[in-house]
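# Summary of structural features
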Amino acid sequence: MPENSEEKVDSVTGLIDQILEIITFVVPLVKMLIKGGENDASGRIIRVLSADPGLAQMRAEWDDRLDKKFGKDG
Amino acid sequence: MRMLYALFVFMALTFAGCGPGALELQTRAANQVALAANAVAPVLITSEQVEGDRAIDAAADKAAARAQLAAVEAKWAPIWTAYKALAVAQDQWATALEKGGDTAAAVEALRASFCKLKVLLPLEVKLPPAVSAVVCLEVGHAGK
C-alpha cells in the first residue's frame, strides 16, 4: 500500500532525524559536562568576566578614530 | 525535540539531588557557562565596535559622528545590562555551589538572565548550543 509505505518512510525519516538530533545536540552536551568545565587554577569555579574593560577600550579606540578623521578640535 | 532534551538536561542538572555527583555536574556546567560568556563578550564588543567604526566613517563631522556613536551605544546598552545580570547570576550560582546555598534558585536566576540576553543578541552572534540548552529552556518562547 502506497500510503503505508509513505508512513513507514516518514517514521524512518523521523527516527533518523531524532538520532541525528541526539548526535548533534545531546552528545556534545554530555561530552561538555563530562570532559569540560574544570575549575580555575585556584580551584574556584570560573566566573563571568566584566565586559567593562573591553568596552572602555572600544570607546578609546573610537575617540582615536574620531581624532584621526576630524582632528582633535573637529 | 530539542526542547525536550534541553528540559531533560536542565531537570537532571537542577533536580538530580544534592549528592556529590549532581553538584559536580552543576559545577562543570557553571564553569562552562562562564567560559562561554567570556568567549562571547569579545565577539559582542567587536560587533559593537564595528558598528561604531562604520558610524564614524559615514559621518560628515565630529558632532554627527558622536551622535551616531551615542545611538550605537544606546542600541547595545540593553545587551550589556543583560550580560551584567548574567554575570551576577552566574556568580551567585557558583557561590552557592562553593559555599552551599540554594543552587536551584541560583540556576533559575541564571536561566532567566541568560534567556533575556539571548533574545537581545544580534543574529550573527552564535552561542555554543550545548550551553544555551543547559540554561535556556524557553528557546521557542524566547523567539531564538
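Within any chain, residue numbers begin from 1 and follow the written order of that chain's sequence. Written order determines the labels here, with chains lettered from A and ligands numbered from 1. Only residues with pLDDT of 70 or above have their local features reported here, since the model is predicted, and side-chain atom pairs are shown and tallied only from 80 upward, although totals for entire chains, interfaces and linings are computed over all residues. Excluding hydrogens and water, the side-chain values take into account all heavy atoms of the structure.

### Focus: the overall build of chain B
- Counting from the N terminus, the helices are DSSP H or I runs at least four residues long and the strands are E runs at least two residues long. Summing up its helical and strand segments, chain B has six helices and zero strands in all.
- Going from the N terminus to the C terminus, chain B shows its helices and strands as α-α-α-α-α-α.
- Here's how the labels work: a residue is buried when its accessible area is under 20% of the maximum for its type, exposed when over 50%, partly exposed in between, all with a 1.4 Å probe on protein chains only. Looking at chain B residue by residue over its 144 residues, the buried ones come to 49%.
- Here, two residues are considered to be in contact whenever any of their heavy atoms come within 4.5 Å of each other. Sequence separation of at least 24 residues holds for 68% of the intrachain contacts in chain B that already meet a minimum separation of 6.
- Under the convention used here, a 1.4 Å probe and the Shrake-Rupley method define accessible areas, while residue burial counts only the protein chains that appear. A total accessible area of about 6800 Å² is found for chain B, and carbon and sulfur atoms account for 66% of it.

### Considering the side chain of A:Arg47
- By the secondary structure assignment, A:Arg47 is in the loop between helix 1 (2-35) and helix 2 (52-70).
- A:Arg47 sits in the buried class, given a relative accessible area of 12%.
- Throughout this description, a polar contact denotes any pair of N or O atoms lying within 3.5 Å of each other; where both atoms belong to protein, one of them has to be capable of donating a hydrogen while the other can accept it, and for residues adjacent in sequence the pair is counted only when both atoms sit in side chains. At 3.2 Å, the side chain of A:Arg47 and the side chain of B:Thr95 are in polar contact.

### With respect to helix 3 (residues 62-99) of chain B
Residues and elements named next belong to chain B.
- Under the convention used throughout, the expected extent of a helix is 1.5 Å for every residue step, that is, one less than its residue count. Taking 1.5 Å per residue, 38 residues should reach 56 Å; helix 3 reaches 52 Å between its end C-alpha atoms and fits that length.
- Bend at a residue means the angle formed by two fitted axes: the first through the 7 residues ending at that position, the second through the 7 residues beginning there. Roughly 40° is the biggest bend found in helix 3, and it falls at Trp76, with proline Pro78 one to four residues downstream.
- Its side-chain oxygen at 3.2 Å from the backbone nitrogen of Ala63, Asp61 defines the N-terminal cap of helix 3.
- Looking one or two places after helix 3, you find Gly100, whose phi comes out positive at around 85°.

### Describing the packing of helix 2 of chain A against helix 3 of chain B
- Here helix 2 of chain A crosses helix 3 of chain B at 170°, and the two axes come no closer than 12 Å. One finds that helix 2 of chain A runs roughly antiparallel with respect to helix 3 of chain B. Two secondary-structure elements touch here, helix 2 of chain A through A:Asp52, A:Leu55, A:Met58, A:Arg59, A:Trp62, A:Asp63, A:Leu66, A:Asp67 and A:Phe70 and helix 3 of chain B through B:Lys62, B:Ala65, B:Arg66, B:Leu69, B:Val72, B:Glu73, B:Trp80 and B:Lys84.
- Amino acids outside the nonpolar list (Ala, Val, Leu, Ile, Met, Phe, Trp, Tyr, Cys, Pro) and the charged list (Asp, Glu, Lys, Arg) are all regarded as polar, and Gly is one of them. Partitioned by chemical class, the residues of the contact of helix 2 of chain A with helix 3 of chain B number nine nonpolar, no polar and eight charged. For every element, the axis is a line fit to its C-alpha atoms; helices are fit only across the contacting stretch, and the angle between N-to-C directions ranges from 0 to 180 degrees. Working definition: roughly parallel below 35 degrees, roughly antiparallel above 145 degrees, roughly perpendicular at 65 to 115 degrees, and oblique for all remaining angles.

### What to know about the packing of aromatic side chains
Residues and elements named next belong to chain B.
- Aromatic pairs are defined between Phe, Tyr and Trp rings, using the six-membered ring for Trp, whenever the two ring centres lie within 6.5 Å; interplanar angles under 30 degrees are classed as stacked, those over 60 as edge-to-face, and all others as tilted. Across all of its chains, the model carries two aromatic pairs over all chains by this definition.
- Seen from their ring centres, Trp76 and Trp80 are 6.4 Å apart, and the 25° between their planes marks the pair as stacked. One end of the pair is Trp76 and the other is Trp80, both in helix 3 and four residues apart, which spans about a single turn.
- Note on Trp76: relative accessible area 1%, which makes it buried.
- Residue class for Trp80 comes out buried when judged on its relative accessible area of 8%.
- Here a set of aromatic residues connected by ring pairs shows up, and it is made of Trp76, Trp80 and Tyr83.

### Some points on helix 4 (residues 103-120) of chain B
- End to end, helix 4 of chain B covers 26 Å across 18 residues, agreeing with the expected 26 Å (1.5 Å per residue, within 8%).
- Where helix 4 of chain B begins, one side-chain oxygen reaches toward the backbone nitrogen of B:Ala104, 3.3 Å away; that side chain belongs to B:Asp102.

### Here's the deal with the environment of A:Lys69
- Within the secondary structure layout, A:Lys69 lies in helix 2.
- Dropping the residues within four chain positions of it, A:Lys69 is found in contact with B:Ile56, B:Asp57, B:Ala58 and B:Ala59.

### Here's the deal with the nonpolar core
- The set of buried Ala, Val, Leu, Ile, Met, Phe, Trp, Tyr and Cys residues whose side-chain atoms join them within 4.5 Å is what this entry labels a nonpolar core. Membership of the largest hydrophobic core comes to 40 residues, with the highest contact counts inside it found for B:Leu44, B:Trp80, B:Tyr83, B:Trp93 and B:Leu117.
- If you list the elements that add at least two residues to this core, you get helix 2 of chain A together with helix 2 (20-58), helix 3 and helix 4 of chain B.

### Observations regarding a nonpolar patch on the surface
Residue and element names in this part refer to chain A.
- Like-charged residues are merged into a patch within 9 Å and nonpolar side chains (Val, Leu, Ile, Met, Phe, Trp, Tyr) within 5 Å, provided each residue has over 30% relative accessible area and no salt bridge. By convention in these notes, a salt bridge is any Lys or Arg side-chain nitrogen within 4 Å of a carboxyl oxygen on Asp or Glu. Residues Val12, Ile16 and Leu20 make up a contiguous nonpolar surface patch of about 260 Å² in total accessible area.
- Here Ile16 is to be found in helix 1.
- By relative accessible area, which is 44% here, Ile16 ends up partly exposed.

### Structural notes on the pattern of salt bridges
- Per the counting criterion, the structure on display carries 12 salt bridges over all chains.
- Here B:Glu98 makes a salt bridge to A:Arg47, at a shortest N to O gap of 3.0 Å. With B:Glu98 in helix 3 and A:Arg47 in the loop between helix 1 and helix 2, this residue pair bridges two chains.
- A salt bridge links B:Arg28 to B:Glu24, with the shortest nitrogen-to-oxygen separation between them at 3.1 Å.

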